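# Structural characterization, general
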Amino acid sequence: KQSMLDEITSLVEMGGFSSKKEFVNNAISLLRWAMLQRKAGNIIASIDDQERIRELEMPCLTHIAVQEKQQMQREGGVSLEQLDRPPQIKAIGRP
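In short, a report on the structure. (Residues numbered from 1 in each chain as written. Predicted model: local features only at pLDDT ≥ 70, side-chain atom pairs only at ≥ 80, totals over all residues. Heavy atoms only, no water.)

## Comments concerning the packing of aromatic side chains
Evaluated as defined, the whole model comprises 1 aromatic pair. Taken together, a centroid distance of 5.6 Å and an interplanar angle of 75° make the contact between Phe 17 and Phe 23 edge-to-face. (Phe/Tyr/Trp six-rings, centres within 6.5 Å; stacked < 30°, edge-to-face > 60°.)

Rendered as structure tokens:
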């Protein structure tokens, strides 16, 4: 339990949050956004300087994706094989 509190304290400092409450509110907002994005069929990913893409994997996001695929199959008659194709990632412009 103490190590989790130490990690939260470290993250609060790293992020420049004024309190643990502010940190938690931001964490919840980010998770809510990620869950809604996944529900919409989008992936959550980071892109490094060499344009390598790394998808965020979390059990809750996987659960949402599976639920959405099953619902789409029930509603639209789309096969799971069609839904399991990896999403196409479009290149984004660099400033």
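Moving on from the model shown.
## Things to note about unusual backbone geometry
The phi angle at Glu 51 is positive, at roughly 60°, despite the residue not being glycine. For Glu 51, the position within the fold is in the loop between β1 (45-47) and β2 (53-55). Given a relative accessible area of 49%, Glu 51 falls into the partly exposed group. (Helix = DSSP H or I, 4+ residues; strand = E, 2+ residues; numbered from the N terminus. Buried < 20%, exposed > 50% of the residue type's maximum accessible area, 1.4 Å probe, protein only.)

## Here we look at the pattern of salt bridges
The full count for this structure, using the stated rule, is 2 salt bridges. With its nearest N and O atoms 2.9 Å apart, the salt bridge here joins Glu 68 to Lys 39. Linking Glu 68 in helix α3 (residues 59-76) with Lys 39 in helix α2 (residues 20-39), this pair joins segments that are 29 residues apart in sequence. One salt bridge connects Arg 52 with Asp 48, and the closest N-O pair in it is separated by 2.7 Å. Overall, Arg 52 belongs to the exposed group, its relative accessible area being 51%. (Salt bridge = Lys/Arg side-chain N within 4 Å of Asp/Glu carboxyl O.)

## Remarks on helix α1 (residues 2-15)
The end-to-end C-alpha separation of α1 is 20 Å, in line with the 20 Å expected for 14 residues at 1.5 Å each. Immediately beyond the C-terminal end of α1, within one or two residues, lies Gly 16, with a positive phi of roughly 70°. (Expected span 1.5 Å × (residues − 1).)

## Structural notes on the packing of α2 against α3
Packing of α2 against α3 leaves a shortest axis separation of 8 Å and a crossing angle of 25°. Comparing the axis directions of α2 and α3 gives the class roughly parallel. α2 and α3 meet at a crossing whose hand is right-handed. Where α2 abuts α3, its residues Leu 31, Ala 34, Met 35, Arg 38 and Lys 39 lie against Cys 60, Leu 61, Ile 64, Ala 65 and Glu 68. Its residues assigned to classes, the contact of α2 with α3 shows 7 nonpolar, no polar and 3 charged. (Axes fitted to C-alpha atoms, helices over the stretch in contact; angles between N-to-C directions. Parallel < 35°, antiparallel > 145°, perpendicular 65-115°, else oblique. Left-handed = near helix turned anticlockwise from the far one by under 90°. Contact = heavy atoms within 4.5 Å. Nonpolar A, V, L, I, M, F, W, Y, C, P; charged D, E, K, R; others polar.)

Purely geometric stuff here, so don't read any function into it on its own.
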